Amino acid sequence: MLYDDTIIALATPSGMGAIAVIRISGPQAIEWVDAHFQSIHKKRLATQKSHTIHLGYIKDGDKTLDQVLVSIFKGPNSYTGEHVIEISCHGSMYIQQQVIQLFLKKGCRMATEGEFTLRAFLNGKMDLSQAEAVADLIASDSKASHEIALQQMRGGFSNQIQELREELLNFASLIELELDFSEEDVEFADRTQFLNLLNRITEVLKGLIDSFALGNVLKEGIPVAIVGEPNVGKSTLLNALLNEERAIVSDIPGTTRDTVEDQIAIGGVTFRFIDTAGIRETEDHVEKIGIQRAFEKIEKAQVVLYLFEAGKDKLAEIKLLQDKFPHKRILVLANKAENLNESEKTSLKERLPEALLLSAKTGTGLKELQDTLLDLTVKGQLGNNNTIVSNSRHYDSLLKALEEITKVKEGMDIGLSSDLVAIDIREALYHLGEITGQVTNDELLGNIFSNFCIGK
Amino acid sequence: MFDKEYDVIVVGGGHAGAEAAAAAANMGSSTLLVTMNLQNIGQMSCNPAMGGIAKGQIVREIDALGGYSGIVSDRSAIQFKMLNKSKGPAMWSPRTQNDRMRFAEEWRLLLEQTPNVDFYQEMVSGLLVENGKAVGVKTSLGLKIKGKSVVLTNGTFLNGLIHIGEKQFGGGRAGESAATGITEELVQLGFESGRMKTGTPPRVDGRSLDYSVMIPQPGDSKPEKFSYLDTHKLTTQRDCYMTHTSELVHDLLREGFDRSPMFNGRIKSLGPRYCPSIEDKINRFADKDRHQIFVEPEGWNTVEVYVNGFSTSLPEDVQFKALRSVKGFENVKFFRAGYAIEYDYFPPTQLKHTLETKLVDNLFFAGQINGTTGYEEAASQGLMAGINAHLKVYDQDPFILNRDEAYIGVLVDDLITKGTEEPYRMFTSRAEYRTLLRQDNADLRLTPRGYEIGLASEERLKNMERKEKESSDFVSFFKNTSFNPDEINPILERLDSSLVKQSDKLFKVFSRPKVTMDHMLQLDKVSEYVTENYLNTDVLEQTEIQVKYSGYIEKEKNNADKLLRLEGIKIPKNFDYAKLKSLSFEAREKLKEIEPVTISQASRISGVSPADISVLLVHLGR
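Residues numbered from 1 in each chain as written. Chains lettered and ligands numbered in written order. Predicted model: local features only at pLDDT ≥ 70, side-chain atom pairs only at ≥ 80, totals over all residues. Heavy atoms only, no water.

1. Observations concerning the overall build of chain A
- The secondary structure content of chain A amounts to 15 helices and 13 strands.
- Going through the 456 residues of chain A one by one, you find that 50% of them count as buried.
- Summing over all exposed atoms, chain A offers an accessible surface of approximately 21600 Å²; the carbon and sulfur share of this is 50%. (Helix = DSSP H or I, 4+ residues; strand = E, 2+ residues; numbered from the N terminus. Buried < 20%, exposed > 50% of the residue type's maximum accessible area, 1.4 Å probe, protein only. Areas by Shrake-Rupley, 256 points an atom, 1.4 Å probe, with all protein chains shown as cover.)

2. With respect to the domain arrangement of chain B
Residue and element names in this part refer to chain B.
- Segmentation of chain B into domains returns domain 1 (6–197 + 343–453), domain 2 (203–341), domain 3 (467–554) and domain 4 (569–620).
- Spacing between the C-alpha centres of domain 1 and domain 2 amounts to 26 Å.
- Summed over both partners, the interface of domain 1 with domain 2 buries about 4600 Å², with 55% contributed by carbon and sulfur atoms.
- The largest contributions to the domain 1 side of the interface with domain 2 come from I78, F80 and K197, which together make up 18% of the buried area. (Domains from an automatic or database assignment. Buried area = accessible area lost by both parts, 1.4 Å probe.)

3. Some points on the interface of chain A and chain B
- Taken together, the contact pairs 38 residues of chain A with 42 residues of chain B.
- With both chains or domains summed, chain A and chain B bury close to 3400 Å², and 56% of this area falls on carbon and sulfur atoms.
- Scanning the region where chain A abuts chain B turns up 3 salt bridges.
- Ionic pairing is found between K555 of chain B and D424 of chain A, a salt bridge with its closest N-O pair at 2.5 Å.
- At the boundary of chain A with chain B, the tally comes to 11 residue pairs in polar contact (both at pLDDT 80 or more).
- Elements supplying a minimum of two residues to the side of chain A that touches chain B: helix 3 (115–122), helix 6 (158–180), helix 13 (392–413), helix 14 (418–436) and helix 15 (442–450) of chain A.
- No other element matches helix 14 of chain A, which puts 9 residues into the side of chain A that touches chain B.
- Counted by class, the side of chain A that touches chain B contains 17 nonpolar, 8 polar and 13 charged residues. (Contact = heavy atoms within 4.5 Å. Salt bridge = Lys/Arg side-chain N within 4 Å of Asp/Glu carboxyl O. Polar contact = N/O pair within 3.5 Å; in protein donor to acceptor, adjacent residues only side chain to side chain. Nonpolar A, V, L, I, M, F, W, Y, C, P; charged D, E, K, R; others polar.)

4. A closer look at the sheet that holds strand 3 (residues 49–51) of chain B
Residues and elements named next belong to chain B.
- Judged by pairing direction, the sheet is antiparallel, and its 3 strands sit side by side in the order 3-5-4 without closing on themselves. Lying at the two open borders of the sheet, with one neighbouring strand each, are strand 3 and strand 4 (77–83). Across the sheet, the mean angle from the axis of one strand to that of its neighbour is 20°, orientation sign disregarded. (Pairing = 2+ DSSP bridges. Axes fitted to C-alpha atoms, helices over the stretch in contact; angles between N-to-C directions.)

5. Focus: the UniProt feature "binding site: Mg(2+)" (unreviewed entry) in chain A
- Mapped onto this numbering, the UniProt entry annotates "binding site: Mg(2+)" (unreviewed entry) at S235 and T256 of chain A.
- One can find S235 of chain A in helix 8 (residues 234–242). (UniProt positions renumbered as here; feature names shortened; annotations may be inferred.)

6. Re the pairing of strand 4 of chain B
All names here are of chain B.
- Most of strand 4 is tucked away: 7 of the 7 residues are buried.
- Where strand 4 and strand 5 (residues 93–98) come together, 6 bridges link them in antiparallel fashion. Bridged to L83 within strand 5 is S93.

7. Some words on the environment of F478 of chain B
Residue and element names in this part refer to chain B.
- With respect to the helices and strands, F478 occurs in helix 12 (residues 458–480).
- According to the relative accessible area criterion, F478 is buried, its value standing at 0%.
- Sequence separation between F478 and K508 is 30 residues, and the spatial gap between their C-alpha atoms is 8.4 Å.

8. Thoughts on the sheet that holds strand 19 (residues 339–345) of chain B
All names here are of chain B.
- The antiparallel open sheet is built from 4 strands, whose spatial order is 11-10-19-12. Taken across any chain shown, the strands that pair with only one partner, and hence form the sheet edges, are strand 11 (167–170) and strand 12 (194–200). Between one strand axis and the next, the sheet turns through 25° on average, direction left out of account.
- Pairing analysis gives 3 bridges linking strand 10 (residues 161–164) to strand 19, with the strands arranged antiparallel. Bridge pairing links I162 to I341 in strand 19.

9. Remarks on the pattern of salt bridges
Residues and elements named next belong to chain A.
- A complete count under the given rule lists 58 salt bridges over all chains for this structure.
- Here E403 ties to K407 by a salt bridge, and the two come within 3.9 Å at their closest N and O atoms. Of the two residues, E403 and K407 are both situated in helix 13; the distance of 4 residues between them amounts to about one turn of the helix.

10. As for the nonpolar core
- By size, the foremost hydrophobic cluster in this structure holds 88 residues, and its most contacted members are L152, L186, L363, F365 and I408 of chain B.
- The residues that make up this core include at least three from each of domain 1 (6–197 + 343–453) and domain 2 (203–341) of chain B.
- Setting aside residues up to four positions removed in sequence, L186 of chain B forms contacts with L127, L152, F191, F346, L363 and F365 of chain B.
- Of all hydrophobic cores here, the second largest spans 32 residues; its members include I175, L205, L208 and V408 of chain A. (Core = buried A, V, L, I, M, F, W, Y, C linked by side-chain atoms within 4.5 Å.)

11. A closer look at the confidence of the model for chain B
- Taken as a whole, chain B shows an average pLDDT of 94; of its residues, 100% reach a score of 70 or greater.
- Predicted as a complex, the structure gets a pTM of 0.79 and an ipTM equal to 0.83. (pLDDT = per-residue confidence, 0-100.)

12. Structural notes on the side chain of R119 of chain A
- Relative to the helices and strands, R119 of chain A is located in helix 3.
- R119 of chain A has contacts with Y3, D5, I7, S25, G26, T80, E82 and R109 of chain A, leaving out every residue within four places of it along the chain.

And the structure:
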């Protein structure tokens, strides 16, 4: 066994919940839990089979801390490859702390970030790319980012890169051969084929690099700004979408002085809604700052929701916004549509065909808004199974690889001596290898395990 | 006869042995060179040439450290060529053709002039080993010679077996007997041994050749030399010649294949793939209807000629008949037939970076005994073994060169880390950072290191420091001095390079692909600077490279620094790989066997994958 200490940590999020899971891993895990566990069937954990669950009490001396379920995973058939015990106790923070304290006193050590996965890695339970994907999986909170993480775990585009890298490596060896045997008459690398390969690599790299923007957005959430006059119901709309009271709602115009953000998953995709202070002429200094911020947020948003009161004429303002941000996708929403009668609705539709009639209060039109948002952003791009780069480390390596490949091509163009071209080829191979895991990068290792929360 | 206890006993007097003895003695060790035939010290067993691609760089490195190979080569040179001058500076490779007899003579005389070297002619038949430590050697006459360290440089002599056609006989070289006893004793001590094969072409009478139908291969019009010291440059040179084999020659050779020891299974060991025999070439490249042959004079005065490219172990009558069909060889007379030789070697993974064996303390191996081929490879190992034997005896830190520091570093690290299945030859592609390991800067890289251990002389250090300062000043001159469009445009126009509109620094225009130092010297301000500062050609070349290739040199330096980081992560001695379950089985076995000192070395072991290295890094990085 690699480690002789036993580590403990809370595996569920800290805070109160229905239940909490405390994970213990190491050579003494079973023995130490056994010492404080009283099974309702008077069983000893040490004699129980692996992968079994037992009901009983955690006792600190005579004192009972909680009624718990204890799961046993005996090494090497556990997550970490060591003996692992998971205690499911009640979710009160007091109980969690009491149980953890108890085992710290017993000799356990508090686990560091990612230490359970680190042990799993070092005990051969998973390889590095899997470990990296585990970190991404834990962090993924929407269906889309989850899919990307899974795709990465299965290999994703790394296979494609690997094949191209092999071909490039092949040419690199031919060029080396040419150099070392320049005194002898041996046959060499075909320049036309080589250029062809360079072009193919360039194409693939460019495609992957372009996909990063989308991949990143999916991982981080798509930013959507909600803009409109004060008291038009932006907060109400946000709350309706969020389905909880997060923004401040009142009838006094200008209550939302700062931007408030929240995330909501629609159809498996995370959207980051940004409620902004309304845009209007004002003398209020604080509100002016809020309006300035609103413009900044619009700049960063991928979609803008322009909200106005269905009964008011806002054609000029809409035009203004559209002119100020000509490349933004702006959804025009006529809120408080519940106050209009049928003919008013028809007339509005005639004047402003792109407007979506909405009632944030009653929920009318919400479904249509959600669908439109999905259509505007990710539909089509996600659906056709395109490869998407979401990992910024991969993105960085792709950029560097492309830069080197471009240099190789330039070198070939100006007839640069192949020993110098070879330097750029080696660099390109290195960066492609970073993606496929064919070269070791020590900086990367440090990152991977620090990306975990404690308890994993 | 031998009461004295030597500091270093060197067994063998070839390129490795001679360098080992010279280095140890020059550093102050009392040294004994024992060899079977004192007539044959510094013998060139194969081609009469030193250097070549990657190898020329090694000769310069040996010279920069204070070894003798460069001086001996310069003194016996009959032709000089800088190969690959049209490529980048990493590829520029010096090569000399040498007078075989003078080469050996120069070595013998230099060693005789070296204080602390004793000589003795006899066959060493065994080692004296006490408590796992070498304490001397035994000879075939039964003498015991005491030494605090022993360097074995046995070349092809250990159980050497010569093949010509179906005939075979014991021998370490044509006309010399094999050495017996040492292999058996080393195997008993626990060493693993193997067999390798190499070969050499026929030597012929130059008077019987018709050079008028061959293509002359003259030396450079401005010949340079190897040594950074003040050896003389050639004023006259001898030409080599090129001719080709033909379909007819190949057919004649094929007739003898059934009597070839290579093809009838008599030779089982592996030969150098990169230096194949002629029968190997026509067999492996069956679609080629001709191969090059270089006709190389063996010296200034001798009529003997070396037939490069025609290495063979076919029966002598087949060799003769086939060679007679080569253009210009119609009336050829043989001096000596070509032959193949099989010999024992010891897989070099049994060595440390100092070339000391892991199994027996104070015992060092250098040269073909480690599975290498080539004079330069042998000489550099001899140098390193001699240096480290001395340092070990005098209780000083070992002398190890890194991979980004010298081809010698690459060579030793490759050998002890990867081992070798076939005779190991140096290539520029074996060096990750060849742009840093150039022939022009071997002194800048290594002379300070050689001086530090007391091998390179003060004269060498002074020369190097002068060169370093003058070139860096000259580079600054180009960085700080501006040109006028008027003075530079005529030059650019002649070069078909785009013209400049406004004044800029000289460095910028000098960096352009077609612009060379010669063009720069056409500017008065540049030529004046050179005259005023008495700059010699070394400095001009160094400056030119540093200006024109600065981007690439910088890039390689950055990459080398990455390697250095992994080089800095040491693996504890006796590290228990068995407990790291996430290492592949193969990696665990290999790591246990090689015992790498650093993560970087571990990463170069075949069978150890990047994933395995990640495991080690994560584990050691905790």
